[in-house]
Amino acid sequence: MTAPTPMDPVVQPVRLLIVDDDPLVRAGLALMLGGADDIDIVGEAADGFEVADLVDRLRPDVVLMDIRMPVMDGLTATEALRTRPDAPEVIVLTTFHADEQVLRAIRAGAAGFVLKDTPPAQIVDSVRRVAAGDPVLSPAVTRRLMARAAGTGPGGGRDGRVDRADRARRLIATLADREREVAIAVGHGRSNAEIAATLYLSVATVKTQVSRILAEFDFNNRVQIALLVHDAGLLDDDGAAPAT
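Treat the numbers as computed from the prediction; the structure is a model and nothing was measured. (Residues numbered from 1 in each chain as written. Predicted model: local features only at pLDDT ≥ 70, side-chain atom pairs only at ≥ 80, totals over all residues. Heavy atoms only, no water.)

Student: Quick question: what am I supposed to make of the overall build of the chain here?
Tutor: The helix and strand tally for the chain stands at 11 helices and 5 strands. In the chain, which comprises 244 residues, the proportion classed as buried is 45%. Of the roughly 12,700 Å² of accessible surface on the chain, 53% is carried by carbon and sulfur atoms. (Helix = DSSP H or I, 4+ residues; strand = E, 2+ residues; numbered from the N terminus. Buried < 20%, exposed > 50% of the residue type's maximum accessible area, 1.4 Å probe, protein only. Areas by Shrake-Rupley, 256 points an atom, 1.4 Å probe, with all protein chains shown as cover.)

Given below as structure tokens:
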């Protein structure tokens with residue numbers, strides 16, 4: 001008599017809140033994302049002002065947030081949302097590429113961004129990845145944002161860049177050697193599996209190291225680690241670590 005095999009754990013669908021002031025865009029996103037078996041659209045909002053109450057009531061795992069809305073824009077809503085305990089992840093929805101507004105959202109704790117003309121399958125994949133703890137910025141997009149970070153926004157002049165670099169280097173110096181290696185790999189835009197293969201670690205160990213770095217610096221996501229590594233001068237223009 002064979003022993004019974006344990007049942008696979010039931011995977012709960014990703015709870016998603018869609019926020020966009022255009023009803024046609026919301027309808028299109030709902031149609032696109034609602035067809036995925038592992039995504040449950042729990043609500044919709046037409047303005048950032050509605051987000052806090054809906055998050056309290058609906059407890060989404062991920063919020064797909066438009067940037068430009070009339071009463072409260074998505075940037076302000078994201079900044080407010082990410083200061084809350086147990087805040088859901090935020091994906092910024094935009095019609096443009098690397099811009100200071102996208103950078104502001106990333107620094108506030110958004111897990112990445114997708115363009116409104118992104119193919120449907122990629123948007124679905126982005127929601128899944130963010131729910132699983134991975135950012136939705138490709139290495140190329142991450143590098144564009146980091147380059148933008150060097151020269152825009154408050155403190156974007158030379159003095160601001162120097163201050164950010166000094167602060168970043170001080171923070172990086174507090175990391176253990178292995179944590180520093182993981183942080184730099186995150187700066188390359190590499191996934192946990194890629195980091196594990198590069199550094200000869202298990203994926204579980206990489207996840208633990210990333211979690212420690214996030215907790216140490218009170219960061220919300222991996223993109224903020226990447227920006228810190230960039231500010232510290234540990235990446236060159238093509239995304240590789242500088243020669244030592």
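The discussion continues.
Student: What exactly am I supposed to notice about the packing of helix α10 (residues 203–217) against helix α11 (residues 222–231) here?
Tutor: Helix-helix packing is described using two parameters, namely the angle between the two axes and the distance between the axes. Running from N to C, α10 and α11 cross one another at 75°; their axes reach a closest spacing of 10 Å. The angle between the axes of α10 and α11 places the two elements in the roughly perpendicular class. Residue-level inspection shows V210, I213, L214 and F217 of α10 in contact with α11, the latter providing R222, I225 and L228. The class makeup of the residues in the contact of α10 with α11 is 6 nonpolar, no polar and 1 charged. (Axes fitted to C-alpha atoms, helices over the stretch in contact; angles between N-to-C directions. Parallel < 35°, antiparallel > 145°, perpendicular 65-115°, else oblique. Contact = heavy atoms within 4.5 Å. Nonpolar A, V, L, I, M, F, W, Y, C, P; charged D, E, K, R; others polar.)

Student: Where do I start with the nonpolar core in this structure?
Tutor: Nonpolar side chains in soluble globular proteins tend to end up buried together. One finds L17, V19, V63 and M65 to be the most contacted residues of the largest nonpolar core, which totals 26 residues. Sequence-distant contacts of V19, defined by excluding residues within four places in its chain, comprise A45, D47, G48, V51, V63, L64, M65, D66 and M69. Judged by nonpolar contacts, the second largest core, of 23 residues, contains V182, A183, I184 and V186. (Core = buried A, V, L, I, M, F, W, Y, C linked by side-chain atoms within 4.5 Å.)

Student: How should I be thinking about the sheet that holds strand β3 (residues 62–66) in this particular structure?
Tutor: Within a sheet, adjacent strands bond to each other through the backbone by hydrogen bonds, running parallel or antiparallel. The strand order across the open sheet built from 5 strands is β2-β1-β3-β4-β5, with neighbouring strands paired in parallel fashion. Lying at the two open borders of the sheet, with one neighbouring strand each, are β2 (39–45) and β5 (112–115). Strand-to-strand twist across the sheet, computed as the mean angle between neighbouring axes with direction ignored, equals 25°. Relative to β2, strand β1 (residues 14–19) runs parallel, the two sharing 6 bridges. The partner of R15 across the bridge, within β2, is D40. (Pairing = 2+ DSSP bridges.)

Student: Help me out: how do you make sense of the environment of G133 in this one?
Tutor: Position of G133 relative to the elements: it lies in the loop between α5 (120–131) and α6 (139–149). Separated by 44 residues in the primary sequence, G133 and E89 place their C-alpha atoms 8.6 Å from one another.

Student: Could you clarify how one ought to interpret the pairing of strand β4 (residues 89–94) in this entry?
Tutor: Where a strand is regular, its side chains alternate between the two sheet faces. Here β4 lies mainly inside the structure; 5 of its 6 residues are buried. One ladder, built from 5 bridges, connects β3 with β4; its direction is parallel. Its bridge partner lying in β4, V62 is registered against E89. Traced from β3 through helix α3 (residues 74–81) to β4, the parallel crossover comes out right-handed. Relative to β5, β4 runs parallel, the two being bridged by 4 bridges. Within β5, the position partnered with L93 by the bridge is V114. (Right-handed = clockwise from strand over helix to strand, strands pointing away.)

Student: How do you make sense of the pattern of salt bridges when you look at a structure like this?
Tutor: Two side chains carrying opposite charge are able to pair once their charged atoms lie near each other. One pass over the full model with this rule turns up 10 salt bridges. Put simply, R57 and D53 hold a salt bridge, and the shortest N to O gap is 3.1 Å. Of the two residues, R57 and D53 both sit in helix α2 (residues 51–58), 4 residues apart, roughly one turn of that helix. The salt bridge involving R169 is made with D166; its shortest N-O contact spans 3.6 Å. Linking R169 with D166, this pair stays in helix α7 (residues 158–173), spanning 3 residues, or about one helical turn. (Salt bridge = Lys/Arg side-chain N within 4 Å of Asp/Glu carboxyl O.)

Student: Would you mind showing me how to read the environment of V206 here?
Tutor: Here V206 shows up in helix α10. On a C-alpha basis, the gap between V206 and I195 in space is 7.1 Å, while along the polypeptide they are 11 residues apart. In contact with V206, other than residues within four places in its own chain, are N192, I195, A196 and L201.

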